[in-house]
Each structure stands twice: as C-alpha cells, then as structure tokens.
Amino acid sequence: MVRAGVIESVTATAPNGGQLGITVHAVLDSLASPGLSPRLRAFLDERAPATPCLVVDLEVVRTNYRALRAALPEAAIFYAVKANPAPEVVAALVAEGSSFDVASTGEVDLCLAQGASPESLSYGNPIKKAADIAHAHARGVRRFTFDSDGDLANLAEHAPGSQVWCRFLVDAPDSGTPFGRKFGCSPRMALRLLARAADLGLDVRGACFHVGSQHTDPAAWTAGIAQAAWISRGLAEAGVRTTSLNLGGGFPTGYRDPAPPADVHAAAIRAAVAEHFDTAPELVIEPGRAIAATAGVIRAEVVLVSRKDDADEHRWVYLDIGRYSGLAETENEYIAYRLSTRHPATPDGPVIIAGPTCDGDDVIYQHTAYRLPTALRAGDHVDILDAGAYTASYSSVSFNGFPPLPTLFVG
Ligand SMILES: *Cc1c(COP(=O)(O)O)cnc(C)c1O
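As the structure is a prediction and not an experimental result, all values here were calculated from the model. (Residues numbered from 1 in each chain as written. Predicted model: local features only at pLDDT ≥ 70, side-chain atom pairs only at ≥ 80, totals over all residues. Heavy atoms only, no water.)

Engineer: Go over the overall build of the protein with me, naming the residues and quoting the values.
Structural biologist: The helix and strand inventory of the protein stands at 11 helices and 18 strands. Taken across its 411 residues, the protein has 53% of its residues classed as buried. About 17,700 Å² of surface is accessible on the protein, with carbon and sulfur atoms providing 53% of the total. (Helix = DSSP H or I, 4+ residues; strand = E, 2+ residues; numbered from the N terminus. Buried < 20%, exposed > 50% of the residue type's maximum accessible area, 1.4 Å probe, protein only. Areas by Shrake-Rupley, 256 points an atom, 1.4 Å probe, with all protein chains shown as cover.)

Engineer: Could you give an account of the state of the cysteines, with specific residues and numbers?
Structural biologist: Per the counting criterion, the structure on display carries zero disulfides. The thiol sulfur of Cys 185 is not disulfide-bonded, and the nearest other cysteine sulfur, from Cys 166, lies at 3.9 Å. For Cys 185, a relative accessible area of 6% gives the class buried. Cysteine Cys 208 shares no disulfide, and the gap to the nearest cysteine sulfur, in Cys 166, comes to 7.1 Å. (Disulfide = S-S within 2.5 Å.)

Engineer: Give me the lowdown on the pattern of salt bridges, citing residues and values where you can.
Structural biologist: Across all of its chains, the model carries 14 salt bridges by this definition. Residue Arg 62 is joined to Glu 59 by a salt bridge in which the shortest nitrogen-to-oxygen separation is 3.1 Å. Pair noted here: Arg 62 and Glu 59 are both in helix 2 (residues 58–71), with a separation of three residues, about one helical turn. In this structure, the salt-bridge partner of Asp 348 is Arg 371, at a minimum N-O distance of 3.1 Å. Of this pair, Asp 348 sits in strand 16 (residues 348–354) while Arg 371 sits in strand 17 (residues 363–373), placing them 23 residues apart in sequence. Arg 371 gets classed as partly exposed once you look at its relative accessible area, which sits at 22%. Linked by salt bridges that have partners in common, Asp 149, Arg 192 and Arg 196 make up one network. (Salt bridge = Lys/Arg side-chain N within 4 Å of Asp/Glu carboxyl O.)

Engineer: Can you break down the pairing of strand 16 residue by residue, with the values?
Structural biologist: Where burial is concerned, most of strand 16 is hidden: seven out of the seven residues are buried. Looking at chain direction, strand 14 (residues 315–319) and strand 16 are connected through four bridges and run parallel. Across the sheet, Arg 315 pairs through a bridge with Val 351, a residue of strand 16. When strand 16 meets strand 17, the two strands line up antiparallel, connected through six bridges. What sits directly across from Ala 354, in strand 17, is Val 363. (Pairing = 2+ DSSP bridges.)

Engineer: Can you break down the nonpolar core residue by residue, with the values?
Structural biologist: Counting residues in hydrophobic clusters, the biggest one holds 94 residues, and the most contacted among them are Phe 100 and Ile 225. Top element by residues in this core is helix 8 (residues 220–237). It accounts for seven residues. Two domains share this core, each providing at least three of its residues, namely domain 1 (2–57 + 295–410) and domain 2 (85–287). Apart from the residues lying within four places of it in its own chain, the contact partners of Phe 100 are Phe 78, Tyr 79, Val 81, Val 90, Leu 93, Val 94, Cys 111, Ala 116, Ser 120, Leu 121 and Ser 122. Counting residues in each nonpolar core, the second largest holds seven residues, with Leu 36, Leu 40, Val 55 and Leu 385 among its members. (Core = buried A, V, L, I, M, F, W, Y, C linked by side-chain atoms within 4.5 Å. Domains from an automatic or database assignment. Contact = heavy atoms within 4.5 Å.)

Engineer: Would you mind going over the environment of Arg 62 in detail, with residue names and values included?
Structural biologist: According to the relative accessible area criterion, Arg 62 is partly exposed, its value standing at 23%. A sequence separation of 31 residues divides Arg 62 from Leu 93, and the C-alpha atoms of the two residues are 6.9 Å apart. Each residue touching Arg 62, except ones within four places of it in the same chain, is listed here: Ala 92 and Glu 96. A polar contact of 3.1 Å, which involves the side chain of Arg 62, links it to the side chain of Glu 59. (Polar contact = N/O pair within 3.5 Å; in protein donor to acceptor, adjacent residues only side chain to side chain.)

Engineer: Summarise the site of the ligand; cite the residues concerned and give the values.
Structural biologist: Close to the ligand lie 13 residues; Lys 82, Ser 213, Glu 286, Arg 289 and Tyr 390 are nearest. Within the side chain of Lys 82, a nitrogen or oxygen atom sits 2.8 Å from an oxygen atom of the ligand. The contact in question runs from an oxygen atom of the ligand to an N or O atom on the side chain of His 210, over 3.1 Å. Protein contact buries 93% of the 380 Å² of open area that the ligand shows by itself. (Near = heavy atom within 4 Å.)

Engineer: I'd like a description of a negative patch on the surface, backed by residues and values.
Structural biologist: Together, Asp 309, Asp 310, Asp 312 and Glu 313 make up a negatively charged patch on the protein surface. Residue placement: Asp 310 occurs in the loop between strand 13 (296–306) and strand 14. Owing to a relative accessible area of 80%, Asp 310 belongs among the exposed residues under this scheme. (Patch = residues over 30% accessible without salt bridge, like charges linked within 9 Å, V, L, I, M, F, W, Y side chains within 5 Å. Lys, Arg positive; Asp, Glu negative; His and termini not counted. Charge placed at Lys NZ, Arg CZ, Asp CG, Glu CD.)

Engineer: Please set out the packing of helix 7 (residues 187–199) against helix 8 residue by residue, giving values where relevant.
Structural biologist: Between helix 7 and helix 8, the least distance of the axes is 9 Å, while the angle of their chain directions is 40°. Considering the angle they form, helix 7 stands oblique to helix 8. Read as a crossing pair, helix 7 and helix 8 show a hand that is right-handed. Between helix 7 and helix 8, the contacting residues are Pro 187, Arg 188, Ala 190, Leu 191, Leu 194 and Ala 195 on the first element and Gln 227, Trp 230, Ile 231, Gly 234 and Leu 235 on the second. Of the residues assigned to the contact of helix 7 with helix 8, the class counts are eight nonpolar, two polar and one charged. (Axes fitted to C-alpha atoms, helices over the stretch in contact; angles between N-to-C directions. Parallel < 35°, antiparallel > 145°, perpendicular 65-115°, else oblique. Left-handed = near helix turned anticlockwise from the far one by under 90°. Nonpolar A, V, L, I, M, F, W, Y, C, P; charged D, E, K, R; others polar.)

In structure tokens:
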C-alpha cells in the first residue's frame with residue numbers, strides 16, 4: 001500500500017520490459033509530504049511564483065548548520081559556498097558564526113560583501129592562478145589549500161606566511177558524486193609538499209581530504225584520517241608540527257534513499273581520529289550539501305505528458321527544468337530527488353522524466369524508476385524536494401563564482 005508521504009519500495013519494470021533490479025519509491029502526496037516544510041508550502045501557495053524556481057527556507061539553513069555543529073562540536077565549520085552561493089544563505093550563516101570554504105575570487109568577494117571576516121575564509125580550491133591568490137591575500141584571506149608544487153610556489157610568493165593545508169587523494173569509491181582524481185596528490189607527495197611549505201616560510205597546518213560529495217558510508221572517513229595521521233607523523237619526524245586536520249565535505253542528504261545522519265558520521269570521525277592520532281588535531285569540516293540541500297524546493301511545471309507509442313506503458317513527463325537549468329546533479333542519475341505533486345500518489349504509473357531543451361542528453365531519469373500519478377497533466381506543478389544544494393548554483397550565470405563564458409561575435 002502506498003500511504004501519502006511515505007516512501008515505499010516496489011519492483012519496477014524497465015522501459016524495455018525487463019525487471020529492474022532497483023527499488024522504486026512511491027511519489028509523495030503533497031498533501032501530507034514530510035519533505036516540503038509548511039513554510040515552503042505556504043510561500044508557494046501564497047506567492048505562486050513563476051516556474052521553474054528554487055525557494056530556500058533560511059530557517060532550515062540555520063537548523064542544518066546548528067545540527068552539524070551539535071553533532072561534531074569539536075570541528076570548525078567552513079560552509080562550502082558553491083553548494084548554494086545565494087547572498088541570503090551566506091548572510092544567514094555569517095550570523096550563525098560560520099566560516100566559509102571559497103573556491104574563487106568571486107566567492108571571496110561574495111562572502112566579504114555579506115559580512116564574513118577575511119579570517120573566516122579558507123581558499124580551498126587547489127586550482128588557482130597566482131593572481132587569484134594575490135587577490136584573496138590582498139583582501140585578508142590567510143588560509144589556503146594546495147596539492148601541487150606550482151600552487152605552493154605561488155602561495156609562498158603571493159600569500160607569504162599564510163596558513164596552509166595540503167590536499168591528498170583518498171580512495172573513496174562509494175561517493176554519490178565522486179571527484180575522481182582531479183584534486184589531491186598522493187599522501188607521500190603531500191608529506192614532501194608540506195615539508196617544502198615549511199621551508200618556504202608558510203604556516204603549515206596539516207593535511208586535508210574530501211571523501212566525495214554525498215558520501216553515504218560513514219567508514220569513508222577512516223582511510224583518510226589514517227592517511228592524514230601518517231602524513232602528520234612523517235612531518236613531525238622532519239621537525240614540522242601540524243595542528244589541524246581538514247576533513248572536507250561529503251556529509252550526505254537523504255534524497256529518495258535515506259542517508260545516515262550527521263551523528264553517525266561524527267562518531268566514525270571521532271573513532272578514527274582517536275585511533276590514529278596521538279594528539280587530537282583541531283578538526284575542520286566543509287559541509288555544503290548538508291547545510292543547503294534540505295532547505296530548498298524547486299517548483300517546476302509539467303510542459304507535456306506523452307508516450308512514444310500508444311501501447312507504451314511508460315509516459316514521458318517533460319518538465320520546464322532540466323539538466324542545464326538546475327538539475328545538473330541528475331547527470332548519470334547520481335542524485336534521485338523526491339518528487340511531489342498535488343495529485344494523490346495513486347493511481348500512478350511508470351514515467352521517464354526529461355527536461356525542456358532540444359538536447360538529447362537532457363533526460364533527467366530514465367534508468368532510475370520513477371512513478372507519477374496518472375492524473376498528472378501539462379500545467380501541473382511538480383515539486384523537487386531537498387533541492388537547495390548544487391542546483392541554482394549550477395544553472396546560475398556564475399557557478400562557483402566564476403563568471404559566465406562570454407559570447408563573442410565575428411562579422
Ligand atoms: C564542494 C566542496 C565541499 C563541499 O562538499 P559537500 O559534499 O557539498 O559537503 C567541501 N570542500 C571542498 C574543497 C569542496 O570542493
């Protein structure tokens with residue numbers, strides 16, 4: 001039985017007629033949906049904003065921040081701005097006392113404009129230009145992360161004496177949205193680079209790593225913490241004392257599939273630190289998703305419901321939002337959002353959900369089995385729940401603070 005607001009598993013039939021070996025969750029009935037807060041619902045009902053739009057409840061941002069702080073009080077929180085760089089979100093977190101993980105000069109300036117102090121900013125992107133470092137340093141930023149000789153040399157020159165962390169690459173294959181090998185060097189190289197950083201007059205703080213975003217396995221922290229402790233011991237032997245460990249982000253959000261709560265991750269972190277470090281380092285975490293995701297709902301509209309053949313069981317539901325206008329994280333169907341409509345959850349039927357553009361890749365869910373009410377029609381709203389992180393920032397003209405690609409014309 002499917003009850004309103006309750007997620008249940010059923011077996012799905014694949015578009016090709018075969019059985020899918022994955023679970024399907026009933027679509028939430030919006031009348032009783034636990035995912036859409038009464039405040040968001042009231043806002044949507046009263047304002048009836050044009051779609052698609054993201055609506056963020058700042059009270060939920062504050063609640064999520066406080067929950068993480070309570071779960072891991074020994075860690076300093078640096079909100080990863082890229083998850084949702086809305087000035088209102090940053091300002092709300094400044095008021096909470098949060099610090100910020102920034103990745104570009106645009107994000108540095110954004111946070112400062114919202115009242116963040118330069119000391120509360122950490123430039124966590126190891127890929128940056130010398131000019132970006134100089135810009136941040138001139139604005140008072142003194143915390144930087146690097147993972148290469150080139151960036152380290154630039155830091156020594158353009159941010160002399162700054163506090164530095166070296167990012168190493170931890171093996172974390174289970175991340176929902178993995179980073180691959182783009183960031184971080186081997187632990188052995190991190191050890192060499194941090195020793196060199198000390199020689200260059202930088203204030204060596206320690207190692208950092210990121211298990212990958214939407215990491216649902218609490219054990220993921222263990223390997224990284226063990227490797228960080230190995231780096232710390234090696235540095236101590238070389239006469240370089242480290243005092244800090246930056247654990248990055250990765251704290252997951254429950255989308256269609258539930259995720260372990262923050263205190264489960266906190267317990268895993270605490271146990272691994274106790275096991276591998278003789279003296280507990282000062283901990284830093286850089287949550288993005290865990291602070292912003294559940295604060296937001298995207299209201300979208302059905303553009304068209306159709307079938308590819310009159311005999312097809314599957315309907316295609318085209319929304320006015322897609323892969324390129326906010327649902328970037330549905331690439332490879334990594335993130336399976338919960339959906340809510342005004343119709344009762346049943347009767348329902350299998351659907352393939354797609355975006356509105358003329359791009360063949362702009363299909364949101366075709367392998368992940370979704371069901372939507374059979375009553376769903378063009379013009380109906382579909383609410384995409386827990387969509388406050390990595391949506392507007394991907395579709396906005398300035399993801400991560402990098403300005404949009406300019407268009408040039410010839411002739
Ligand atoms: C993106 C990012 C984060 C935030 O990751 P979440 O999975 O959203 O918590 C933290 N630190 C760094 C360096 C990042 O690039």
